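Observations on the three-dimensional arrangement
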Amino acid sequence: MADEAQPPNGTDVVDKMTVEVAEMALDAKQAAGGQPGAAEPAKPSEKETNGSATPAKPVCSAAFKEQFKAFSKFGDTKSDGKHLTLSQSDKWMKQAKVIDKKITTTDTGIHFKKLKSMKLTYEDYNKFLDDLAKTKKVELDEIKSKMANCGAPGVHNATPGKAAETVARLTDTSKYTGSHKQRFDETGKGKGIAGRKDMVDQSGYVSGYGHKNTYDKTH
């Protein structure tokens, strides 16, 4: 005799409802164009978007070219600003702190002479820097950035703090001693010739008398 069919228990009903809900959600996703099991597209990385993880800071070519013109006239009043000598180039690179322990004037001389000219045009000078950077394994943009932002020819970054301190010490009259101290009054103002010479008193008083104008005239 066949077993009688057993009525479904509560667990079976819950499982059946869960399956139906899942199927409905899957049908809705497929209708919207989604594919079951497909992963979301990966976002492009910063490296893929920009071409590199840390792009180099661009050099302002206009500023670099202006510096080229300025240094090509440095020490040469007849220069038209279109050619740069090795001496001018070395001065520029020293001021920009490009010439250091890694890049020396010997290196710049060797690479400059490769172009077989005493003066280089702006285009040839860029070739010179490119060749120098590759040989010394230094970033070309780093070199040009320093040279573009080193200031006008002859301007060096001095240490004004030390200079100001020295000037302040030398001009502090309260620190003076001996005969130098007598040249200034209590406010620090110079006495002029009176502070350098003993002036003769022509008032008629005896020399050395220290009580001038204190005599009581009523006596």
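Note that this is a predicted model, so its numbers are computed, not measured. (Residues numbered from 1 in each chain as written. Predicted model: local features only at pLDDT ≥ 70, side-chain atom pairs only at ≥ 80, totals over all residues. Heavy atoms only, no water.)

**Notes on helix 6 (residues 122-136)**
- With 15 residues, helix 6 extends 21 Å between its outermost C-alpha atoms, agreeing within 8% with the 21 Å of an ideal straight helix rising 1.5 Å per residue.
- Restricting attention to buried positions, one finds in helix 6 the residues Tyr122, Tyr125, Asn126, Phe128, Leu129, Leu132 and Ala133. Along the axis of helix 6, the buried residues cluster in a sector spanning 155°; they form a single face. With respect to the buried face of helix 6, the exposed residues turned more than 90 degrees away are Glu123, Lys127 and Lys134.
- Buried residues belonging to helix 6 abut helix 3 (61-72), strand 1 (84-85), helix 4 (86-95), helix 5 (105-113), strand 2 (119-120) and helix 7 (140-148).
- After helix 6 finishes, the residue Lys137 shows a positive phi value of roughly 55°. (Helix = DSSP H or I, 4+ residues; strand = E, 2+ residues; numbered from the N terminus. Expected span 1.5 Å × (residues − 1). Buried < 20%, exposed > 50% of the residue type's maximum accessible area, 1.4 Å probe, protein only. Arc of directions from axis to C-beta. Contact = heavy atoms within 4.5 Å.)

**Observations regarding unusual backbone geometry**
- You will see that Lys97, though not glycine, has its phi angle at about 60°, which is positive.
- Here Lys97 shows up in the loop between helix 4 and helix 5.
- When its relative accessible area of 55% is taken as the criterion, Lys97 is described as exposed.
- One non-glycine residue, Lys137, adopts positive backbone phi at about 55°.
- Within the secondary structure layout, Lys137 lies in the loop between helix 6 and helix 7.
- According to the relative accessible area criterion, Lys137 is exposed, its value standing at 74%.

**Re the side chain of Thr108**
- Note that Thr108 resides in helix 5.
- Accessibility expressed as a relative area gives 0% for Thr108, which makes it buried.
- Reaching out from Thr108, the side chain makes a polar contact with the side chain of Asp90 at a distance of 2.9 Å.
- Residues contacting Thr108, with those up to four places away along its chain left out, are Leu86, Asp90, Met93, Ile99, Ile103, Phe128 and Leu132. (Polar contact = N/O pair within 3.5 Å; in protein donor to acceptor, adjacent residues only side chain to side chain.)

**A closer look at a positive patch on the surface**
- A surface patch of like charges, here positive, comprises Lys65, Lys69, Lys73 and Lys82.
- Its location among the elements puts Lys73 in the loop between helix 3 and strand 1.
- Overall, the relative accessible area of 46% leaves Lys73 in the partly exposed class. (Patch = residues over 30% accessible without salt bridge, like charges linked within 9 Å, V, L, I, M, F, W, Y side chains within 5 Å. Areas by Shrake-Rupley, 256 points an atom, 1.4 Å probe, with all protein chains shown as cover. Salt bridge = Lys/Arg side-chain N within 4 Å of Asp/Glu carboxyl O. Lys, Arg positive; Asp, Glu negative; His and termini not counted. Charge placed at Lys NZ, Arg CZ, Asp CG, Glu CD.)

**Observations concerning the environment of Lys113**
- Locating Lys113 in the fold gives a position in helix 5.
- Using a relative accessible area of 62% as the deciding quantity, one classes Lys113 as exposed.
- C-alpha separation for the pair Lys113 and Leu86, spaced 27 residues apart in sequence, amounts to 8.7 Å.

**Considerations on the pattern of salt bridges**
- Counted according to the given criterion, the structure contains 5 salt bridges.
- A salt bridge links Asp107 to Lys136; the shortest N-O distance between them is 3.4 Å. You can see Asp107 sitting in helix 5 and its partner Lys136 sitting in helix 6, a full 29 residues away along the chain.
- Relative accessible area serves as the criterion here: at 15%, Asp107 is assigned to the buried category.
- Relative accessible area serves as the criterion here: at 21%, Lys136 is assigned to the partly exposed category.

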